[in-house]
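# Examining the three-dimensional arrangement
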Amino acid sequence: MTFSAVFVNGGRVLVELPWQKTFSKPGGMAQMIEEKDGHFPYPFSRWTAFRSFSLTTMSSNLRKTYTERAAVHPNPCARTFLELMERKRSNLSVAVDVTSKTELLEIAGKVGPYICLLKTHIDIVNDFDQDLVDQLKALSKKHDFMIFEDRKFADIGNTVKLQYGFGIYRIASWADITNCHSVPGEGIISGLKEIGLPLNRGLLLLAEMSSAGSLATGAYTAATVAMARRHQDFVIGFIAMRRMDAEDEGGDFIVMTPGVSLDVAGDGLGQQYRTPREVVVESGGDVVIVGRGIYGKGKNVEEQAKRYRDAGWEAYLERVRR
Ligand SMILES: O=C(O)c1cc(=O)[nH]c(=O)n1[C@@H]1O[C@H](COP(=O)(O)O)[C@@H](O)[C@H]1O
């Protein structure tokens, strides 16, 4: 069994160890780091200040191909998505955060051939109408991608049910995947499930966030993962910065990771970026979510989509070959 140590200080991952080793106490791990790398990157005195410490067994799903995972996945939505990624040779999701219908459709058309998943924030589109949804669905068929409405539901079960199924957006009628915060407790999943499950939709829980100072850490993240385990018929994965499932617990959750850029480290508003390789190889993410890195000012959208698709896919191949 492969072990990876994750040292958490107030929720911040400090060190990850890829080699096999179990430790009975943190001091033993620090010694091991010194022996392996010649130095321990943090003063030993800091060690005792760590608020929590966990040794997690890393998921065997890390080394499986998307096809292998699809073959045994019990959830139809997850299965369809994993198959699509391998068929299309893409683990790239583009977050199209623009405010006009024309621009959204134009970008979706350009990135379509390179993505597995188009991510929308439908409520930021000034001129939203049903025709936008119809055209997005047509593009998803033409280019073979799925649609993820990044709604980040965060209310009680009864309210999110109404928000998901009704109103002007009728999200459940067209979005294959949506997501929610776990802060209200398990009722949020039950509410969304009542609407989404009969339609074969999938849900992602926000176990972590990419933004600086996020409160989704430590015990909150662990409780979120436990909630997902109790709803594997509907919850297909997480928005997270790293792998969330452990080998000895079974199941397979797809990890989608935002905060990805090949060029910059942040956006001045708290967003924190890492490269596709850092996300997929080093942290075990399955899908890289890229927004402004693809359609920002002066960018050639097709070129950037191809560049990120290639980087994400190469990272995946490197990971499964290990
Ligand atoms: O749920 C998300 O997708 C999400 C979670 C998170 O922790 N951080 C995050 O940036 N996102 C979304 O991912 C996208 C990132 O966009 P860029 O920063 O432009 O690449 C945006 O649509 C965010 O709403």
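Now for a look at the structure at hand. Because the structure is a prediction, the values reported are computed rather than measured. (Residues numbered from 1 in each chain as written. Predicted model: local features only at pLDDT ≥ 70, side-chain atom pairs only at ≥ 80, totals over all residues. Heavy atoms only, no water.)

## Considerations on the packing of helix α5 (residues 101-111) against helix α6 (residues 130-143)
The line we're drawing: Interaxial angles span 0 to 180 degrees and are taken between N-to-C directions of axes, which are lines fitted to C-alpha atoms, for helices over the stretch in contact. Starting at the N terminus, helices and strands are each numbered in turn, a helix being any DSSP run of H or I of at least four residues and a strand any DSSP run of E of at least two. Reported orientations rely on four angle classes, namely roughly parallel under 35 degrees, roughly antiparallel over 145, roughly perpendicular from 65 to 115, and oblique for the rest. When checking whether two residues touch, look at their non-hydrogen atoms; a contact exists if any pair is within 4.5 Å. Throughout, the ten residues Ala, Val, Leu, Ile, Met, Phe, Trp, Tyr, Cys and Pro are labelled nonpolar, Asp, Glu, Lys and Arg are labelled charged, and all others, Gly among them, are labelled polar.
It is the contact of α5 with α6, at a shortest axis distance of 10 Å, that shows an interaxial angle of 5°. Classified by the angle their axes make, α5 and α6 are roughly parallel. Between α5 and α6, the contacting residues are Lys101, Leu104, Leu105, Ala108 and Gly109 on the first element and Asp131, Leu132, Gln135, Leu136, Leu139 and His143 on the second. Residues belonging to the contact of α5 with α6 are distributed by class as follows: 6 nonpolar, 3 polar and 2 charged.

## Quick look at the packing of aromatic side chains
Heads up, the rule is: Each Phe, Tyr or Trp ring, with Trp reduced to its six-membered ring, pairs with another whose centre is within 6.5 Å; inter-plane angles below 30 degrees give stacked pairs, above 60 give edge-to-face pairs, and intermediate values give tilted ones. Note on exposure labels: buried denotes an accessible area under 20% of the residue type's maximum, exposed denotes more than 50%, and partly exposed covers the range between, all computed with a 1.4 Å probe on protein chains only.
This structure, assessed with the given rule, holds 6 aromatic pairs. Ring geometry for Tyr66 versus Trp313: centroids 5.9 Å apart, planes at 50°, classification tilted. Taken together, the positions of Tyr66 in helix α3 (residues 66-72) and Trp313 in helix α12 (residues 301-321) put the pair 247 residues apart, joining distant regions of the chain. Since its relative accessible area comes to 0%, Tyr66 is described here as buried. Judged by relative accessible area, Trp313 falls into the buried class, the value being 5%.

## Some thoughts on the sheet that holds strand β11 (residues 287-290)
The condition that has to hold: The criterion for strand pairing is that DSSP finds at least two bridges linking the strands in question.
Strand order in the closed barrel formed by 8 strands is β4-β5-β6-β7-β8-β9-β10-β11, and the pairing between neighbours is parallel. Averaged over all pairs of adjacent strands, the angle between their axes in this sheet comes to 25°, without regard to strand direction.

## Comments concerning the pairing of strand β7 (residues 177-180)
Applied cut-off: For a crossover, the right-handed case is the one in which the path from the first strand over the helix to the second runs clockwise, viewed with the strands pointing away from the viewer.
On β7, burial covers both faces: Ile177 and Asn179 on one face and Thr178 and Cys180 on the other are all buried. The pairing of strand β6 (residues 146-153) with β7 spans 3 bridges and is parallel. Considered in β7, the bridge of Glu149 is made with Thr178. You can see the chain leave β6, run along helix α7 (residues 157-165) and come back into β7, and the turn it takes is right-handed. Pairing analysis gives 4 bridges linking β7 to strand β8 (residues 202-206), with the strands arranged parallel. Across the sheet, residue Thr178 finds its bridge partner in β8, namely Leu203. As a crossover connection, the stretch from β7 through helix α8 (residues 187-196) into β8 is right-handed.

Distances and angles like these do not, on their own, reveal function.
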